[in-house]
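Residue-level structure breakdown
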Amino acid sequence: MKLNERSLAFYATCDTPADNEGFLYKKGGRHAAYHRRWFVLRGNMLFYFEDAASREPVGVIILEGCTVELVEAAEEFAFAVRFAGARARTYVLAAESQAAMEGWVKALSRASFDYLRLVVRELERQLRRLARGAGAAPALPPKENGCASGRSPRGRCPAGATPGSRPGPEPAAAAPRRASAPNGPLDSASFAQLHEWYGQEVRALRSQWLKSQAQPEGGGEA
C-alpha cells in the first residue's frame, strides 16, 4: 500500500520512540526477489523505508486481523504476516539473525489493538480480584469460650479478657494508591505505558493481599 498522506509520513518519522525498528528482507509481491528495507513499528502500523536515513516511507502494513508465523523460505530467519481472506496478501519477511527474528515476531504479534484490548481486560480482571482480597479482613481462628484457640497456653483467656467477650477484628489496611495514569486517554496510550501502569497496581495489591493472609504463629508452652 503506497502512502501519499503527509500525516502518516509524519507519524512514521516522528521523534516518538518506535515499538521496534531494524532492517528486514521483504519479498516482493510479484517477484521472488528479497529487498532489504528499514522497518519501523508504531502501534499497529508497520512502515518500511528504502533505508534508515529515508524520510518518506515506501509503504505501510496495517496489523489488524493478521497472524504472524514462521515459514520455510529461501531466506534464513523468515516469517510471514498473513491476513484472513482468499484474496488477502501475505507478507514474507526475513530477519538478519535468530534473535532479531524472535523479537520481530513477538512485537508484531502484540501490535494489534485486539491484542492490547485483551491484555487490558485481563489486567483489569486481576486488579478486581486482588482488590477484593486486599480489602477483606484476615481470617480468625475458631473461638473456644470466647477466646481464640492457640493464642494462650492451656486454652485460658489472656489477662484482661472475659469469657464471652469478642475482640474486634483489626481494621483492614487501606488499598494502595492507584499509580498515575498515562497522560491522555487510554486509547492513545502505548502498550508499554498501559502494561507498566496496570502492572504497578497489580504488584502493589498482590503484595498487600499476601501480607493480609499471613497469620502469626500460635504461642506454645515454655
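Conventions and cut-offs
- Residues numbered from 1 in each chain as written.
- Predicted model: local features only at pLDDT ≥ 70, side-chain atom pairs only at ≥ 80, totals over all residues.
- Heavy atoms only, no water.
- Core = buried A, V, L, I, M, F, W, Y, C linked by side-chain atoms within 4.5 Å.
- Buried < 20%, exposed > 50% of the residue type's maximum accessible area, 1.4 Å probe, protein only.
- Helix = DSSP H or I, 4+ residues; strand = E, 2+ residues; numbered from the N terminus.
- Contact = heavy atoms within 4.5 Å.
- Polar contact = N/O pair within 3.5 Å; in protein donor to acceptor, adjacent residues only side chain to side chain.
- Phe/Tyr/Trp six-rings, centres within 6.5 Å; stacked < 30°, edge-to-face > 60°.
- Lys NZ or Arg CZ within 6 Å of the ring centre and 35° of its normal.
- Pairing = 2+ DSSP bridges.
- Axes fitted to C-alpha atoms, helices over the stretch in contact; angles between N-to-C directions.

Now for the nonpolar core. The biggest cluster of nonpolar side chains holds 22 residues, and the ones touching the most others in it are Leu41, Leu46, Leu63, Phe79, Val81, Trp104 and Leu108. At 5 residues, the largest contribution of residues to this core is made by helix α2 (residues 98-109). Those residues in contact with Leu63 that sit more than four places away from it in its chain are Leu41, Asn44, Leu46, Val81, Leu108, Ala111 and Ser112. Of all hydrophobic cores here, the second largest spans 8 residues; its members include Ala12, Trp38, Phe49 and Val60.

What follows is about the side chain of Arg42. Mapped onto the elements of the fold, Arg42 is located in strand β2 (residues 34-42). In terms of polar contacts, Arg42 uses its side chain to reach the backbone carbonyl oxygen of Ala12, at 3.3 Å. For Arg42, the contacting residues outside a window of four places in its chain are Tyr11, Ala12, Thr13, Cys14, Thr16, Pro17, Ala18, Asp19 and Phe47.

Turning next to the packing of aromatic side chains. Tallying each qualifying case throughout the model produces 4 aromatic pairs. With 6.0 Å between their ring centres and 70° between their planes, Tyr11 and Phe47 make a pair best called edge-to-face. Residue Tyr11 is found in helix α1 (residues 6-13), and its partner Phe47 is found in strand β3 (residues 45-49); the two are separated by 36 residues along the sequence. On the basis of relative accessible area, Tyr11 is assigned to the partly exposed category, the value being 32%. For Phe47, a relative accessible area of 0% gives the class buried. For Arg36, the ring lying beneath its charged end belongs to Phe23, and the centroid distance is 3.7 Å.

Moving on: unusual backbone geometry. In the Ramachandran plot, Phe77 falls in the positive-phi region, its phi being about 60° despite a non-glycine side chain. Relative to the assigned elements, Phe77 resides in the loop between β5 (66-70) and β6 (78-83).

Right, let's get into the environment of Gly29. Looking at the secondary structure, you find Gly29 in the loop between β1 (20-27) and β2. Residue class for Gly29 comes out exposed when judged on its relative accessible area of 61%. Considering only alpha carbons, one finds Gly29 and Arg89, 60 residues apart in sequence, at a separation of 8.3 Å.

On to the pairing of β2. Among the 9 residues that make up β2, 7 are buried, leaving the element largely enclosed by the rest of the structure. Bridge count for β1 against β2 is 8 bridges, and the pairing is antiparallel. Bridging across to β2, Leu24 finds its partner in Arg37. Bridging between β2 and β3 involves 5 bridges; their strand directions are antiparallel. Along β3, the bridge assignment pairs Arg42 with Met45. Counting the residues between successive antiparallel strands, the hairpin from β2 to β3 contains 2 residues, one of them, Gly43, with a positive phi of roughly 60°.

Next up on the list: the sheet that holds β2. If you walk across this open sheet you meet the 7 strands as β4-β3-β2-β1-β7-β6-β5, and the pairing is antiparallel. The sheet is open, and its two borders are formed by β4 (59-62) and β5, each paired with just one other strand. Taking the axes of each pair of neighbouring strands and ignoring which way they run, one obtains an average angle of 35° across the sheet. Sheet topology note: the β1/strand β7 (residues 91-94) ladder contains 2 bridges and is antiparallel. Bridge pairing in β7 links Lys26 to Leu93. α1 contacts β2 and β3 of the sheet and is inclined by roughly 85° relative to β3.

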